[in-house]
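# Close look at the chain arrangement
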Amino acid sequence: DVKVTQSSRYLVKRTGEKVFLECVQDMDHENMFWYRQDPGLGLRLIYFSYDVKMKEKGDIPEGYSVSREKKERFSLILESASTNQTSMYLCASTGQGTRGDEQYFGPGTRLTVT
Amino acid sequence: KQEVTQIPAALSVPEGENLVLNCSFTDSAIYNLQWFRQDPGKGLTSLLLIQSSQREQTSGRLNASLDKSSGRSTLYIAASQPGDSATYLCAVTPSSGSARQLTFGSGTQLTVLP
């Protein structure tokens, strides 16, 4: 089974802190994604990566950056956390090919910024 | 820009009923459509993936259909059980682009009453 893991289930940070959220997948997938999920707004794509060191902005990249130094790991960085970044963050990955197009999600990180 | 709509937003049924969840999308140029399940506070679990060339997919008590030309998909759940209570999301992948990023609907929250 494909496994996507995220570094923390719950995280509490203070305004202005630098925050790192890490995601690791074990299926050698090329593509990795970071979403945030908010009530009433659904899932929104922040950034994605289709290869090591490659990244593309999603729909809401402002206030975030990403890093993909290794194929299995995709990090989301909040340079200076703000209260409006309190949310559920979900990481996902997908490979190539018919079956590989299925997108697999991690358990999520609920981030609270105070 | 692709928009995905799910109706109804919430549904409550007695145990044992068969039910249908609806998903519609505005741009028929899709690569595939995926149905997910999300339990409260958790990540997304992939249920079914339908390629654009397919009409339906089945897994156990679940059957998903796709009518690409009309921009619609349905998820049929047979003999519903309380354990089926969750939020169900559909998402489409565009036929262009390399990373296969998804556009999500806002979900249908299903409650199956014992």
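Residues numbered from 1 in each chain as written. Chains lettered and ligands numbered in written order. Predicted model: local features only at pLDDT ≥ 70, side-chain atom pairs only at ≥ 80, totals over all residues. Heavy atoms only, no water.

What follows is about the state of the cysteines. Counted under the stated rule, the structure contains two disulfides over all chains. The partner cysteine of Cys23 of chain A in its disulfide is Cys91 of chain A, sulfur to sulfur 1.8 Å. Between Cys23 of chain A and Cys91 of chain A the sulfur-sulfur dihedral comes to about -75°; the bridge is accordingly left-handed. In this pair, Cys23 of chain A is assigned in strand E3 (residues 19-25) and Cys91 of chain A in strand E9 (residues 87-94), connecting sequence segments 68 residues apart. Accessibility expressed as a relative area gives 0% for Cys23 of chain A, which makes it buried. For Cys91 of chain A, a relative accessible area of 0% puts it in the buried group. The residue that forms a disulfide with Cys23 of chain B is Cys90 of chain B, at a sulfur-sulfur distance of 1.9 Å. Taking the sign of the S-S torsion, 75° for the link of Cys23 of chain B and Cys90 of chain B, the bridge is right-handed. Of this pair, Cys23 of chain B sits in strand E3 (residues 19-25) while Cys90 of chain B sits in strand E9 (residues 86-94); the two residues are 67 residues apart in sequence, bridging distant segments of the chain. (Disulfide = S-S within 2.5 Å. Helix = DSSP H or I, 4+ residues; strand = E, 2+ residues; numbered from the N terminus. Buried < 20%, exposed > 50% of the residue type's maximum accessible area, 1.4 Å probe, protein only.)

Residues and elements named next belong to chain A. Taken as a whole and judged by the stated rule, the model has nine salt bridges over all chains. Asp28 is the salt-bridge partner of Lys71, the closest N and O atoms lying 3.2 Å from each other. Here Lys71 is found in the loop between strand E7 (64-70) and strand E8 (73-78), whereas its partner Asp28 is found in the loop between E3 and strand E4 (31-38), with 43 residues between them in sequence. For Asp28, a relative accessible area of 52% translates into the label exposed. As a salt-bridge pair, Lys71 and Glu30 come within 4.0 Å of each other at their nearest N and O atoms. You can see Lys71 sitting in the loop between E7 and E8 and its partner Glu30 sitting in the loop between E3 and E4, a full 41 residues away along the chain. Judged by relative accessible area, which is 25%, Lys71 ranks as partly exposed. (Salt bridge = Lys/Arg side-chain N within 4 Å of Asp/Glu carboxyl O.)

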